[in-house]
Amino acid sequence: MKMLRKALAQELRLQLILAWLLVFSGMMMVFYGLQWSVMLVVFGLVIVLLATRLVLQLVRYWNVDHHPIMQALFYQPQEIVWVYALITERVPFGIQFIRNGVLYLKLKNGDELSVSFPAKKLKLVSKALNRLLPHASFGFTVEREQTFITDPEQLMRRKDSEEG
(Lines give C-alpha, C1' and ligand atoms only; values in the text may rest on other atoms or scores of the structure.)
Protein backbone atom coordinates (compact mmCIF):
# COMPACT_ATOMS: atom_id res chain seq x y z
CA MET A 1 0.00 0.00 0.00
CA LYS A 2 2.99 2.27 0.48
CA MET A 3 3.72 2.09 -3.24
CA LEU A 4 0.11 2.92 -4.06
CA ARG A 5 0.15 5.92 -1.73
CA LYS A 6 3.46 7.07 -3.18
CA ALA A 7 2.17 6.74 -6.77
CA LEU A 8 -1.01 8.65 -5.91
CA ALA A 9 0.98 11.41 -4.22
CA GLN A 10 3.35 11.67 -7.18
CA GLU A 11 0.49 11.81 -9.67
CA LEU A 12 -1.27 14.43 -7.55
CA ARG A 13 1.86 16.60 -7.39
CA LEU A 14 2.30 16.42 -11.16
CA GLN A 15 -1.35 17.34 -11.75
CA LEU A 16 -1.08 20.26 -9.33
CA ILE A 17 2.05 21.57 -11.05
CA LEU A 18 0.31 21.42 -14.42
CA ALA A 19 -2.83 23.08 -13.02
CA TRP A 20 -0.76 25.92 -11.54
CA LEU A 21 1.01 26.33 -14.89
CA LEU A 22 -2.42 26.69 -16.50
CA VAL A 23 -3.41 29.32 -13.94
CA PHE A 24 -0.18 31.23 -14.63
CA SER A 25 -0.63 30.90 -18.42
CA GLY A 26 -4.19 32.18 -18.19
CA MET A 27 -3.07 35.14 -16.09
CA MET A 28 -0.39 35.97 -18.66
CA MET A 29 -3.03 35.87 -21.41
CA VAL A 30 -5.21 38.28 -19.44
CA PHE A 31 -2.28 40.60 -18.71
CA TYR A 32 -0.96 40.72 -22.28
CA GLY A 33 -4.40 40.45 -23.85
CA LEU A 34 -5.36 43.82 -22.38
CA GLN A 35 -3.01 45.37 -24.93
CA TRP A 36 -4.01 43.26 -27.94
CA SER A 37 -7.39 41.61 -27.88
CA VAL A 38 -10.51 41.33 -25.77
CA MET A 39 -10.92 37.73 -26.95
CA LEU A 40 -7.50 36.85 -25.51
CA VAL A 41 -8.54 38.36 -22.17
CA VAL A 42 -11.79 36.35 -22.15
CA PHE A 43 -9.95 33.16 -23.12
CA GLY A 44 -7.36 33.81 -20.41
CA LEU A 45 -10.07 34.36 -17.79
CA VAL A 46 -11.78 31.11 -18.76
CA ILE A 47 -8.46 29.25 -18.42
CA VAL A 48 -7.78 30.87 -15.03
CA LEU A 49 -11.24 29.93 -13.73
CA LEU A 50 -11.09 26.33 -14.96
CA ALA A 51 -7.52 25.82 -13.76
CA THR A 52 -8.34 27.32 -10.34
CA ARG A 53 -11.26 24.92 -10.04
CA LEU A 54 -8.91 22.06 -10.92
CA VAL A 55 -6.39 23.21 -8.29
CA LEU A 56 -9.13 23.32 -5.65
CA GLN A 57 -10.26 19.81 -6.60
CA LEU A 58 -6.72 18.46 -6.39
CA VAL A 59 -5.97 20.14 -3.06
CA ARG A 60 -8.92 18.25 -1.62
CA TYR A 61 -6.92 15.03 -2.15
CA TRP A 62 -3.64 16.36 -0.77
CA ASN A 63 -3.95 13.69 1.92
CA VAL A 64 -3.88 10.63 -0.35
CA ASP A 65 -6.12 8.73 2.09
CA HIS A 66 -8.96 10.96 0.84
CA HIS A 67 -8.28 10.02 -2.79
CA PRO A 68 -11.15 8.04 -4.41
CA ILE A 69 -8.88 5.02 -4.96
CA MET A 70 -7.95 4.80 -1.28
CA GLN A 71 -11.54 5.42 -0.23
CA ALA A 72 -12.71 2.58 -2.47
CA LEU A 73 -10.01 0.19 -1.26
CA PHE A 74 -10.54 0.83 2.44
CA TYR A 75 -14.24 1.64 2.76
CA GLN A 76 -15.92 0.03 -0.26
CA PRO A 77 -13.70 -2.80 -1.49
CA GLN A 78 -16.77 -4.84 -2.50
CA GLU A 79 -17.51 -2.18 -5.15
CA ILE A 80 -14.29 -3.00 -7.04
CA VAL A 81 -15.03 -5.78 -9.53
CA TRP A 82 -12.07 -5.72 -11.91
CA VAL A 83 -8.41 -4.75 -11.59
CA TYR A 84 -5.86 -4.73 -14.37
CA ALA A 85 -2.68 -2.99 -15.41
CA LEU A 86 -1.51 -1.84 -18.82
CA ILE A 87 2.12 -1.14 -19.57
CA THR A 88 3.14 1.40 -22.19
CA GLU A 89 6.57 1.23 -23.76
CA ARG A 90 8.09 4.03 -25.78
CA VAL A 91 10.63 2.57 -28.18
CA PRO A 92 11.89 5.22 -30.60
CA PHE A 93 14.30 3.79 -33.19
CA GLY A 94 14.14 0.37 -31.51
CA ILE A 95 15.63 1.62 -28.24
CA GLN A 96 13.50 1.18 -25.13
CA PHE A 97 13.16 4.69 -23.79
CA ILE A 98 10.38 4.67 -21.18
CA ARG A 99 8.24 1.93 -19.61
CA ASN A 100 5.38 3.02 -17.44
CA GLY A 101 2.06 1.55 -16.51
CA VAL A 102 -1.40 2.41 -15.38
CA LEU A 103 -3.36 0.43 -12.81
CA TYR A 104 -7.11 0.43 -13.45
CA LEU A 105 -9.77 -0.34 -10.87
CA LYS A 106 -13.24 -0.82 -12.32
CA LEU A 107 -16.29 -0.42 -10.08
CA LYS A 108 -19.72 -2.07 -9.98
CA ASN A 109 -21.40 1.15 -11.02
CA GLY A 110 -19.32 1.32 -14.23
CA ASP A 111 -16.86 3.94 -12.98
CA GLU A 112 -13.12 3.64 -13.44
CA LEU A 113 -10.28 4.72 -11.18
CA SER A 114 -6.68 4.73 -12.33
CA VAL A 115 -3.19 5.59 -11.18
CA SER A 116 0.16 5.67 -12.99
CA PHE A 117 2.96 3.41 -11.81
CA PRO A 118 6.50 2.52 -12.80
CA ALA A 119 6.12 -0.68 -14.84
CA LYS A 120 8.41 -2.74 -12.63
CA LYS A 121 6.24 -2.10 -9.54
CA LEU A 122 2.89 -2.98 -11.11
CA LYS A 123 3.18 -6.72 -10.55
CA LEU A 124 3.89 -6.32 -6.84
CA VAL A 125 1.00 -3.90 -6.38
CA SER A 126 -1.32 -6.23 -8.33
CA LYS A 127 -0.38 -9.13 -6.04
CA ALA A 128 -1.14 -7.05 -2.95
CA LEU A 129 -4.49 -5.97 -4.39
CA ASN A 130 -5.29 -9.57 -5.31
CA ARG A 131 -5.03 -10.48 -1.61
CA LEU A 132 -7.01 -7.40 -0.58
CA LEU A 133 -9.76 -7.93 -3.20
CA PRO A 134 -10.34 -11.69 -3.45
CA HIS A 135 -13.77 -11.13 -5.03
CA ALA A 136 -12.47 -9.04 -7.97
CA SER A 137 -11.31 -10.31 -11.35
CA PHE A 138 -7.70 -9.55 -12.23
CA GLY A 139 -6.06 -9.07 -15.60
CA PHE A 140 -7.26 -7.64 -18.89
CA THR A 141 -9.06 -9.69 -21.52
CA VAL A 142 -11.45 -8.61 -24.26
CA GLU A 143 -14.11 -10.89 -22.74
CA ARG A 144 -13.82 -9.14 -19.37
CA GLU A 145 -14.06 -5.78 -21.09
CA GLN A 146 -17.30 -6.85 -22.82
CA THR A 147 -18.63 -8.25 -19.55
CA PHE A 148 -17.82 -4.98 -17.78
CA ILE A 149 -19.67 -3.02 -20.44
CA THR A 150 -22.78 -5.18 -20.21
CA ASP A 151 -22.88 -6.16 -16.51
CA PRO A 152 -19.95 -5.24 -14.24
CA GLU A 153 -21.20 -7.43 -11.38
CA GLN A 154 -20.55 -10.54 -13.49
CA LEU A 155 -16.83 -9.92 -13.02
CA MET A 156 -17.03 -10.66 -9.30
CA ARG A 157 -15.47 -13.99 -8.39
CA ARG A 158 -17.69 -16.15 -6.23
CA LYS A 159 -16.56 -18.53 -3.52
CA ASP A 160 -17.29 -22.22 -4.16
CA SER A 161 -19.59 -22.33 -1.15
CA GLU A 162 -21.77 -19.56 -2.59
CA GLU A 163 -22.05 -21.19 -6.03
CA GLY A 164 -23.03 -24.65 -4.79
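Residues numbered from 1 in each chain as written. Predicted model: local features only at pLDDT ≥ 70, side-chain atom pairs only at ≥ 80, totals over all residues. Heavy atoms only, no water.

J.: Help me understand the overall build of the protein chain in this model?
T.: A tally of helices and strands in the protein chain yields six helices and four strands. Scaling as 2.2 N^0.38, a compact globule of 164 residues should have a C-alpha radius of gyration of about 15 Å, whereas the protein chain reaches 20 Å, well beyond that. Oriented by its inertia axes, the alpha-carbon framework of the protein chain measures out at about 75 × 40 × 30 Å. Across the protein chain, contacts joining residues at least 24 apart in sequence account for 55% of those joining residues at least 6 apart. Here the protein chain has roughly 11100 Å² of accessible surface; of this, 61% comes from carbon and sulfur atoms. On the protein chain, the mean spot of the 19 positive side-chain charges and the mean spot of the 13 negative ones are 12 Å from each other. (Helix = DSSP H or I, 4+ residues; strand = E, 2+ residues; numbered from the N terminus. Rg over C-alpha atoms; globule rule 2.2 N^0.38 Å. Contact = heavy atoms within 4.5 Å. Areas by Shrake-Rupley, 256 points an atom, 1.4 Å probe, with all protein chains shown as cover. Lys, Arg positive; Asp, Glu negative; His and termini not counted. Charge placed at Lys NZ, Arg CZ, Asp CG, Glu CD.)

J.: Would you mind showing me how to read the side chain of S126 here?
T.: Mapped onto the secondary structure, S126 falls in helix α4 (residues 119-132). Here S126 is in contact with L103 and F138, once residues within four sequence places are set aside.

J.: Which parts of the structure should I look at to understand the packing of helix α1 (residues 2-36) against helix α3 (residues 68-75)?
T.: The axes of two packed helices give the description: the angle between them and the distance between them. Between α1 and α3, whose axes approach to 10 Å, the crossing angle comes to 155 degrees. Classed by the angle they form, the pair α1 and α3 counts as roughly antiparallel. Along the contact surface, α1 presents L4, R5 and L8, while α3 presents I69, M70, L73 and F74. Within the contact of α1 with α3, the residues separate by chemical class into six nonpolar, no polar and one charged. (Axes fitted to C-alpha atoms, helices over the stretch in contact; angles between N-to-C directions. Parallel < 35°, antiparallel > 145°, perpendicular 65-115°, else oblique. Nonpolar A, V, L, I, M, F, W, Y, C, P; charged D, E, K, R; others polar.)

J.: Is there a simple way to think about the sheet that holds strand β3 (residues 112-118) in this case?
T.: Strand pairing within a sheet occurs via backbone hydrogen bonds; the two strands may be parallel or antiparallel. The strand order across the open sheet built from four strands is β3-β2-β1-β4, with neighbouring strands paired in mixed fashion. Edge positions in the open sheet fall to β3 and β4 (137-138), since each of these has one partner strand only. Here ten bridges tie strand β1 (residues 80-90) to strand β2 (residues 98-107), and the two strands are oriented antiparallel to one another. Directly across from R90, in β2, lies its bridge partner I98. Each of β1, β2, β3 and β4 is contacted by α4, which is oriented at about 25 degrees to β2, the strand it contacts most. (Pairing = 2+ DSSP bridges.)

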